[in-house]
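Structure assessment
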Amino acid sequence: MVHTEMASGRLRDRVAVVTGAASGIGRATAVRFAAEGARVAALDIDGEGGRALASELGPSARYYDCDVVDQSAVEAAFDSVSHDLGPVDILFNNAAIAHVGTVEQTTEEDLDRIYNVNVKGVYNCLRSAVRAMMGRGGAIVNMASTVSTIGIPDRFAYSMSKGAVHSMTLSVACDYLDENIRCNAISPGRIHTPFVDGFIAKNYPGREEEMFEKLSKTQPIGRMGTPEEIAELAVYLCSDTAGFVTGSNFAIDGGTITLRP
């Protein structure tokens, strides 16, 4: 169980929805939110990982099986969260999938799959969160990426989706200023998550250590980031300390955008 005595309580008594919460950045963020006093709704399609997380976080957290692609499922999940934990104050809009390939290598099925999760899924959660926050205010953090503002090789579909996330962030921030709903984005560089390990093992069998080192050094700072580093920024953006911050896209990328050759 997470211990909260070491945290500052910046999110005390807030209800936070975290999508893609069962692993990686989502899991680390759910853990930090709980440590800061939030009641956490962990949304994912990985029931085993989601239930394990909720059990670790204790009675102030619950797991909800939810495919963000399905709008009715998202709406039902938000309704359940409101009933079980209270009105939603925070959305960490994190669920996403990846794709490697140029435009020529991206099939129509690939594009639809990426769009459905990374764009439509983000939209579905934004829609439900905004409705839940109307008249009360709240904080939304969307997970964008460095590729929402720069080009890297072989990420056509993924870059498209994260560019859309950035644009949706600006739109929601602008449209709901008067409702005191703040909306920001985080754009990570390469973060060491289970996905990265799986990607390397699948595509470079026998060369895992070599490729991990190579990918780490693509960040000017010389290493990958950690999910916990992203979670710390998410806590700030969702807390009252960031009350003057909305419509911003925060790069946390080891200098990738500004310092790479």
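Residues numbered from 1 in each chain as written. Predicted model: local features only at pLDDT ≥ 70, side-chain atom pairs only at ≥ 80, totals over all residues. Heavy atoms only, no water.

As for the confidence of the model for the chain
In the predicted model, the chain carries a mean pLDDT of 96, and the fraction of residues at 70 or more is 98%. Long-range and interchain partners of residues 1-5, a stretch whose pLDDT sits below 50, account for 11 contacts in this model, where long-range means more than four residues apart. (pLDDT = per-residue confidence, 0-100. Contact = heavy atoms within 4.5 Å.)

Some details on the pairing of strand β2 (residues 39-44)
Among the six residues of β2, five are classified as buried, and the element is accordingly described as predominantly covered. Sheet analysis places strand β1 (residues 15-19) next to β2, joined by five bridges and oriented parallel. In the strand pairing of β2, Val17 is matched with Ala41. With helix α1 (residues 24-35) bridging β1 and its parallel neighbour β2, the resulting β-α-β unit is right-handed. Bridging between β2 and strand β3 (residues 61-65) involves five bridges; their strand directions are parallel. The residue of β3 that forms the bridge with Leu43 is Tyr64. For the crossover from β2 across helix α2 (residues 47-57) to β3, the handedness is right-handed. (Buried < 20%, exposed > 50% of the residue type's maximum accessible area, 1.4 Å probe, protein only. Helix = DSSP H or I, 4+ residues; strand = E, 2+ residues; numbered from the N terminus. Pairing = 2+ DSSP bridges. Right-handed = clockwise from strand over helix to strand, strands pointing away.)

Re the side chain of Ser239
Looking at the element boundaries, Ser239 is found in the loop between α8 (227-238) and β7 (249-252). Taking the relative accessible area as the measure of exposure, Ser239 reaches 1% and is therefore buried. A polar contact is formed between the side chain of Ser239 and the backbone oxygen of Tyr236, at a distance of 2.8 Å. Contact partners of Ser239, with chain neighbours within four places excluded, come to Arg10, Leu11 and Arg182. (Polar contact = N/O pair within 3.5 Å; in protein donor to acceptor, adjacent residues only side chain to side chain.)

Observations regarding the layout of surface pockets
There is about 1,600 Å³ of room inside the largest pocket. If you go around the largest pocket, you meet 49 residues; those closest to its centre are Ala98, Tyr158, Thr193, Phe195 and Val196. Of all the secondary-structure elements, those providing two or more residues to the lining of the largest pocket are α1, β2, α5 (156-175), α6 (194-203) and α7 (208-216). Top contributing element to the lining of the largest pocket by residue count: α6, with four residues. (1 Å grid on protein atoms, 1.4 Å probe; cavity = no way out; pocket = protein on both sides within 12 Å on 5 of 7 lines; lining within 4 Å. Points joined across faces, edges and corners; volume = space filled by probe spheres on them.)

Thoughts on the state of the cysteines
For the structure shown, the criterion picks out zero disulfides. With no disulfide of its own, Cys125 lies 6.3 Å from the sulfur of Cys66, the closest cysteine sulfur. (Disulfide = S-S within 2.5 Å.)

A word on the pattern of salt bridges
This structure, assessed with the given rule, holds 13 salt bridges. For the salt bridge of Arg27 with Glu56, the shortest nitrogen-to-oxygen distance reads 2.4 Å. Pair noted here: Arg27 is in helix α1 and Glu56 is in helix α2, with a separation of 29 residues, a long-range link. The partly exposed category is assigned to Glu56, whose relative accessible area is 27%. We note a salt bridge from Asp84 to Arg62, for which the minimum N-O separation is 3.5 Å. Of this pair, Asp84 sits in helix α3 (residues 71-84) while Arg62 sits in strand β3, and the two are 22 residues apart along the sequence. (Salt bridge = Lys/Arg side-chain N within 4 Å of Asp/Glu carboxyl O.)

What to know about α8
With 12 residues, α8 extends 16 Å between its outermost C-alpha atoms, agreeing within 8% with the 16 Å of an ideal straight helix rising 1.5 Å per residue. Turning to α8, its buried residues are Pro227, Ile230, Ala231, Leu233, Ala234, Val235, Leu237 and Cys238. Buried residues along α8 sit against α1, β4 (90-93), β5 (138-143), β6 (181-188) and β7. (Expected span 1.5 Å × (residues − 1).)

Side note on the environment of Glu75
Relative to the elements of secondary structure, Glu75 occurs in helix α3. Take Glu75: its relative accessible area is 27%, and that puts it in the partly exposed class. In sequence terms Glu75 and Cys125 are 50 residues apart; their C-alpha atoms lie 8.1 Å from each other. Each residue touching Glu75, except ones within four places of it in the same chain, is listed here: Arg127, Ser128 and Arg131.

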